[in-house]
Amino acid sequence: MSAVTDAPARLAVLASRVRAEEKGILDALEQRRIPVEQVDPRRLSAGVGAPVGPWSLVLNREISATRARYAAVSLEAAGTPVINSAAAIGTCGDKWLTSLALQRAGVATPRTVLALTPEAAAEEIERLGYPVVVKPLSSSWGRRVSLVRDPDAAQAVLEHCAALPAPQAHLIYLQEFIDKPDRDIRVVVVDGEPVAAAYRRSAHWRTNVAQGAGTQPCPLDDRLAKLAVATAEAVGADIAGVDVVEDRDGAMYALEVNAGVEFAGLQAAHQGRVDVAGVIADLVARRFRDLTKGGAG
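A few points on the structure. All figures in this text were calculated on a predicted structure; none of them were measured in a lab. (Residues numbered from 1 in each chain as written. Predicted model: local features only at pLDDT ≥ 70, side-chain atom pairs only at ≥ 80, totals over all residues. Heavy atoms only, no water.)

### Remarks on the sheet that holds strand 13 (residues 252-258)
Read from one edge of the open sheet, five strands run 11-10-9-12-13, paired in antiparallel fashion. Either end of the sheet is taken by a strand with one partner, and the two such strands are strand 11 (214-217) and strand 13. Across the sheet, the mean angle from the axis of one strand to that of its neighbour is 30°, orientation sign disregarded. Two strands pair when backbone bridges link them, and strand 9 (residues 183-190) and strand 12 (residues 239-246) are joined in this way by six bridges, in the antiparallel orientation. When the bridges of strand 12 are listed, V189 appears paired with A240. Along the sheet face, helix 9 (residues 276-293) touches strand 9, strand 10 (193-201) and strand 12 and points at about 30° away from the line of strand 9. (Pairing = 2+ DSSP bridges. Helix = DSSP H or I, 4+ residues; strand = E, 2+ residues; numbered from the N terminus. Axes fitted to C-alpha atoms, helices over the stretch in contact; angles between N-to-C directions. Contact = heavy atoms within 4.5 Å.)

### Some points on the packing of helix 5 (residues 118-128) against helix 6 (residues 151-163)
Following both chains from N to C, one finds helix 5 and helix 6 inclined at 155°, their axes separated by 10 Å at the closest point. Classified by the angle between their axes, helix 5 and helix 6 sit roughly antiparallel to one another. As helix 5 runs across helix 6, the sense of the crossing is right-handed. Residues P118, A121, A122, I125 and E126 of helix 5 form the contact with helix 6, whose participating residues are P151, A154, L158 and A162. Along the lines of polarity and charge, the residues of the contact of helix 5 with helix 6 split into eight nonpolar, no polar and one charged. (Parallel < 35°, antiparallel > 145°, perpendicular 65-115°, else oblique. Left-handed = near helix turned anticlockwise from the far one by under 90°. Nonpolar A, V, L, I, M, F, W, Y, C, P; charged D, E, K, R; others polar.)

### Concerning the nonpolar core
Ranked by size, the top nonpolar core spans 38 residues in total, and within it I185 and L224 carry the most contacts. Among all residues touching I185, those that are not within four sequence positions of it are A197, A198, Y199, C218, L224, V242, D243, V244, E246 and M252. In this structure, V13, V188, A196 and F263 belong to the second largest nonpolar core, which totals 28 residues. (Core = buried A, V, L, I, M, F, W, Y, C linked by side-chain atoms within 4.5 Å. Buried < 20%, exposed > 50% of the residue type's maximum accessible area, 1.4 Å probe, protein only.)

### Points about the environment of D191
Inspection of the secondary structure puts D191 in the loop between strand 9 and strand 10. Looking at D191, the relative accessible area reads 34%, which means it is partly exposed. C-alpha of D191 to C-alpha of D282: the two residues are 91 residues apart in sequence and 9.9 Å apart in space. If near-sequence neighbours (up to four positions away) are discounted, D191 is found in contact with D238, L283, R286 and R287.

### Things to note about the environment of A71
Mapped onto the elements of the fold, A71 is located in helix 2 (residues 65-77). Assessed through its relative accessible area of 7%, A71 is described here as buried. Through-space distance from the C-alpha of A71 to that of R42 is 9.9 Å; in sequence the pair is 29 residues apart.

### Observations concerning helix 6
Here helix 6 is 13 residues long and its end C-alpha atoms lie 18 Å apart, about the 18 Å a rise of 1.5 Å per residue gives. If you check which residues of helix 6 are buried, you get A154, V157, L158 and C161. Relative to the axis of helix 6, the buried residues are bounded by an arc of 95° and lie together on one face. Opposite the buried face of helix 6, at more than 90 degrees from it, the exposed residues are D152 and A163. Buried residues belonging to helix 6 abut helix 5, strand 6 (132-135), strand 7 (146-148) and strand 8 (172-176). The N-cap of helix 6, judged by a side-chain oxygen 3.1 Å from the amide nitrogen of D152 a few residues on, is D150. (Expected span 1.5 Å × (residues − 1). Arc of directions from axis to C-beta. Polar contact = N/O pair within 3.5 Å; in protein donor to acceptor, adjacent residues only side chain to side chain.)

### What to know about the environment of A196
Residue placement: A196 occurs in strand 10. Taking the relative accessible area as the measure of exposure, A196 reaches 3% and is therefore buried. Sequence spacing of A196 and A225 is 29 residues, and the spatial spacing of their C-alpha atoms is 9.0 Å. With near-sequence residues (within four places) excluded, A196 lies in contact with R186, V187, V188, L220, L266, H270 and V274.

Set out below in structure tokens:
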């Protein structure tokens, strides 16, 4: 994998778009006197057995899940540690793999089924009962997520999935609908420690910020903190955005994990009382210094 410049960078932040999150992380690393280079993965390539760029460590903030995963795989194959790891990115980027990881770890999560065809999904929906949530295996920001309330809606959604050209779209991920308040919770976990939590509120049943939800501070009590940390550990993510939903009785369930967590909304909700970029920079700085002390790079 070749670098975009000949600069002797030892730490890279991989990002094709520098959003508020990446700018905050880069600024925090510079404040910690860590030499850092922002690398656009769209200009990288990898060859079997080829040397890697001049980095001891890479923080992977690539917005494209596919590029993020394959960049991490290629860098690790060449001996460069990546945060998050390729394994964690692969698990978080696939909702079924995430559900399996949570189940193995004993983390509370809604009942979930993977149907290998739309026809099988129709039978499983009847077993799960209405309403049921239909999700693509890989998506962000709540796209192509449907709440199916009756057989007619189920037929329409499944016919749409069957007509899509990608074979993966014909695998139907079904999840029990949790009757929640007008909110869910995003918790940022870094290096096994919960950093902060925020409510995402919306009049719509989907509470993604990308779908227009607002954010408010959420108390990070022991129960929520333990669930978020256990969820991040289950998928092997050093940096994780854990999505949690509550039912009407207050029980909490882990839904998904974002390996390239966006945290600008959460941080704004806390009005400067938390510094997520700084906590991430601290983790990266510790790993970088550990590697360079050991003579890596």
